[in-house]
Amino acid sequence: AEARGAKVVPLMRTGGASDGEHGFPKAALSKPSYATDDLWSRLASKDAPVEDSAEAAVDVVVRAMESPPEAAHRLRSSMGNDTTIVCIVSEAEVGAADSEALVKAIAPQLDAQMGSRSAFVTRGM
């Protein structure tokens, strides 16, 4: 599924294929840009309550299906309407080899200048 472009949400805490065994693609185990570190760790943690992992899985799926305007609305709802949302778009697979490094260098510099008045969203990484 992942090779055909599907968005895969592995329930890593369950082990087996979802944790990289049985030839499960390693790329599918990498945290996608739409998942936060907290959500991804709750999918993997065997110590987290099952309800927390289930909530994290739902949040990851919902975020994977968001359009850019929906993501902007969600961010504004949680951060306030005066927040500037900056979307940095790049293509890691087709673009220049240093696309990801460039995006990672731009975001902290913008954050240093704009601070809490801004939220940064990347797509295609």
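Please read these numbers as outputs of a predicted model, since none were measured by experiment.

### So, the pattern of salt bridges
- What the rule picks out here adds up to three salt bridges.
- Of the charged contacts in the structure, one is a salt bridge between aspartate 37 and lysine 31, with a shortest N-O distance of 3.7 Å.
- With relative accessibility at 60%, the residue aspartate 37 sits in the exposed group.
- On the basis of relative accessible area, lysine 31 is assigned to the partly exposed category, the value being 35%.
- Where glutamate 55 meets arginine 42, a salt bridge forms, and the shortest distance between an N and an O atom there is 3.0 Å.

### Here's the deal with helix α2 (residues 50–65)
- Given a rise of 1.5 Å per residue, 16 residues ought to cover 22 Å, and the 23 Å separating the end C-alpha atoms of α2 matches this to within 8%.
- Of the positions making up α2, those classed as buried are Ser53, Ala56, Ala57, Val60 and Ala64. The buried residues of α2 all sit within an arc of 100° when viewed along its axis, so they share a single face. Residues of α2 that are exposed and angled more than 90 degrees away from the buried face: Glu51, Val58 and Met65.

Parameters and conventions
Residues numbered from 1 in each chain as written. Predicted model: local features only at pLDDT ≥ 70, side-chain atom pairs only at ≥ 80, totals over all residues. Heavy atoms only, no water. Salt bridge = Lys/Arg side-chain N within 4 Å of Asp/Glu carboxyl O. Buried < 20%, exposed > 50% of the residue type's maximum accessible area, 1.4 Å probe, protein only. Helix = DSSP H or I, 4+ residues; strand = E, 2+ residues; numbered from the N terminus. Expected span 1.5 Å × (residues − 1). Arc of directions from axis to C-beta.

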